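Residue-level structural notes
In case you want the letters, here they are:
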Amino acid sequence: MRADQSERAEMPLDPVGRRVSCGGERATVRYVGHVSPYEGMWLGVEWDNLERGKHDGSHEGVRYFTCRYPKGGSFVRPVKVSFGVDFLTAVFMTYQTNTEEVLSEEIFVSSKKLEWFVVEEQRFENLPSIMLNHCEVNGPGAAGEIRKTTPNVQWLDLTGSLLSTWKDVAAITEQLDKLEGLQLSVNRISLTSDPWVNRQAFSNLKVLALNSCDLTWLQILECAPMWPQLEDLSVENNNITELQRPEGVLELLKCLSLSCNPLVQESVSRLSSLPRLEWLNLSNTRLSMVQLEDAAHAGCTAVFPALKGLSLDHNNISEWSVVNDLAKLPSLVKLSCRDNKLVSSDGNPKTVNQMIIAKLGHLVYLNNSEISSEERKGAELDYIKMFGEEWLKAGGAAQPSPVFACQHPRYQTLIEKYGAPEEGELKKPEPFALKNQLIKITFVFPDDADRKPIEKKLPASMVVQKVKGLLHRLLKVPPADLRLTYTSPKVSGTEFAIDSDFKTLHFYSVEDGDQVLVRWS
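So, here is what we can say about the structure in this document. A quick note: this is a predicted structure, and the numbers were derived from the prediction, not measured. The residue numbers shown here count from 1 along each chain, following its written sequence. Local features in this predicted model are restricted to residues of pLDDT 70 or higher, and side-chain atom pairs are both shown and tallied only at a pLDDT of 80 or more, whereas totals for entire chains, interfaces and linings draw on every residue. As a rule here, side-chain values come from all non-hydrogen atoms in the structure, and water together with hydrogens is ignored.

1. Some remarks on helix 7 (residues 349-359)
- Summarising burial for helix 7: eight of the 11 residues are buried, a large majority.
- Buried residues of helix 7: T351, V352, Q354, M355, I356, I357, A358 and K359, and no others.
- On its buried side, helix 7 packs onto helix 6 (320-326), strand 19 (334-336), strand 20 (365-366), helix 8 (373-386), helix 10 (402-407) and helix 11 (411-418).
- Polar contact is defined as a pair of N or O atoms within 3.5 Å, subject to the rule that within protein one atom must be able to donate a hydrogen and the other to accept it, and that residues adjacent in sequence are counted only when both atoms are side-chain atoms. Secondary structure is summarised from DSSP: a helix means a run of H or I of at least four residues, a strand means a run of E of at least two, and numbering begins at the N terminus for each. Its side-chain oxygen 2.9 Å from the backbone nitrogen of K350, N348 forms the N-cap of helix 7. A simple rule labels every residue: compare its accessible area, found with a 1.4 Å probe on the protein chains alone, to the largest value its type can have, and call it buried under 20%, exposed over 50%, or partly exposed in between. Note on definitions: a residue-residue contact is assigned when non-hydrogen atoms from the two residues lie within 4.5 Å.

Here is the structure:
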């Protein structure tokens, strides 16, 4: 909803610094007065959209105002802009004239979905949530009227408003005693010289979204004293680069989303001073590494002691040492690490996930999927086999080299859990012409004594899934029901599991002359 031009309020007495709407765009007034050689009054505005303007605040050699960007400014006639409407006018216009359209929208404050409530007989006192998304709210209106009209509001959406200062925001929220969630995304709100003055206005606020507000982290910390009870803060898609250490603020914060900010990766460790932080979203922040330990506070406390969930999606992480370091997080149980540059030796993304699971023993969820006990066991056993040769060459059970221990810090723990791999089990064929190398395999059926063994020559590079497809054609048994193991004459009395459909026979060290035992349910 936008204020109609015919209903626009008169220009305020102090328009400089005020937010306006013009032609569907948002801007801030930087100048009011004459522009030579033209007659009449003009407004000099700085647009939020950097592509919208024509100049930097000067005209024909005369500077009227200053913009941050060369093409950030324009001159417009006052009649072309809207200075917005007060809070309750926006409520009445939205809920009484656009009820059907409003009720169909889905609105989120941080990660929490808000619910619309139908207003009957123009009664607003029972509303628990109010959504005024892009409704050009510019201030509270008459003193005390918000408290009388909407006293029970707990969640408020003021996305894309025309509020200019935190004083304007506080003048609204101080009348909403039950307010817990506030959506202020897509705004340009001037910083306050004394945030402590507005502290009471946000005394119960727990959830705050300031996405796309062109803020730096330092500016957010300067405002933070206003939010003493804040638990969930979303500041996505801002101008956040270097992260300064929060000192005496945000001490109750549990969830923080910094997604879509070009972070200085060495500064991420400074967030470890947030004592209660449980969830951190660093997705799409251009990270190639994650430095957890704050050098300035080394050894003082555990690294991110309360952190349970971490999102690193859509970054440039390519080093497995980053995953090794995540094991230092004592409470981490949820990790999302999609669309990075981590690779495994076989180039299979599923193997990458297996390696993450094996390296992080306390992980319960990976990429929003719960890790089953069977999945963890398979990943850890595969990991032992995957790096078994390297482990043996590095010293094996005697004492692995420091280099191996650094690259695979959990390997010894897995050995203690499952037992050491045997050299015969891990010996692999020469890599030369592996793709064309055929090995003779005998399929036997221990649970079907009447069925004769079947001999086949198969490529060592053949994946287990295709082996099961072959057996399906031979046995008429669904591939999902087949369970495979194998035995080798080099290791008598031992039956080795073949438990991943996406690994090759070569991966499992199946060699010429081995037997594959086939069972089905």
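2. Overview of the pattern of salt bridges
- We define a salt bridge as a contact between a side-chain nitrogen of Lys or Arg and a carboxyl oxygen of Asp or Glu at a distance within 4 Å. Evaluation of the coordinates by the stated rule reveals 19 salt bridges.
- Linking D48 and R19 is a salt bridge whose minimum nitrogen-to-oxygen distance equals 2.6 Å. A residue pair is termed long-range when its members are at least 10 positions apart, and D48 in the loop between strand 3 (42-47) and strand 4 (58-59) and R19 in strand 1 (residues 19-22) qualify at 29 residues.
- Given the relative accessible area of 1%, R19 is considered buried.

3. Let's talk about the packing of aromatic side chains
- Pairs were defined over the aromatic rings of Phe, Tyr and Trp, the Trp ring being its six-membered one, requiring ring centres within 6.5 Å. Orientation was assigned from the angle between planes: stacked under 30 degrees, edge-to-face over 60, tilted for the rest. Inspection of every chain in the model, using the stated rule, returns 16 aromatic pairs.
- For the ring pair Y31 and F75, a centre distance of 6.4 Å and an interplane angle of 85° mean the geometry is edge-to-face. With a gap of 44 residues between them, Y31 in strand 2 (residues 25-33) and F75 in strand 6 (residues 73-76) connect regions that are remote in the sequence.
- For Y31, a relative accessible area of 16% puts it in the buried group.
- The structure contains a cluster of three or more aromatic residues connected by ring pairs, namely Y383, F387, W391, F404 and Y411.
- By the criterion adopted, a ring carries a charge over it if an Arg CZ or a Lys NZ lies within 6 Å of its centre and within 35 degrees of its normal. We note K334 situated over the ring of Y365; from NZ or CZ to the ring centre the distance is 5.0 Å.
- Lying over the aromatic face of F445, R451 brings its terminal NZ or CZ to 5.7 Å of the ring centre.

4. Considering the sheet that holds strand 24 (residues 482-488)
- Strands are treated as partners if at least two bridges between them are detected by DSSP. Taken in spatial order, the five strands make up an open sheet running 23-22-26-24-25, and their pairing is mixed. Bordering the open sheet on either side are strand 23 (454-459) and strand 25 (491-498), each of which pairs with just one other strand. This sheet shows a mean twist of 30° between the axes of neighbouring strands, independent of strand direction.
- By the bridge criterion, four bridges tie strand 24 to strand 25 in an arrangement that is antiparallel. Each bridged residue has a counterpart across the sheet, and for L484 the counterpart in strand 25 is I498. Between N-to-C directions, angles span 0 to 180 degrees; the directions come from axes that are lines fitted to C-alpha atoms, helices contributing only their stretch in contact.

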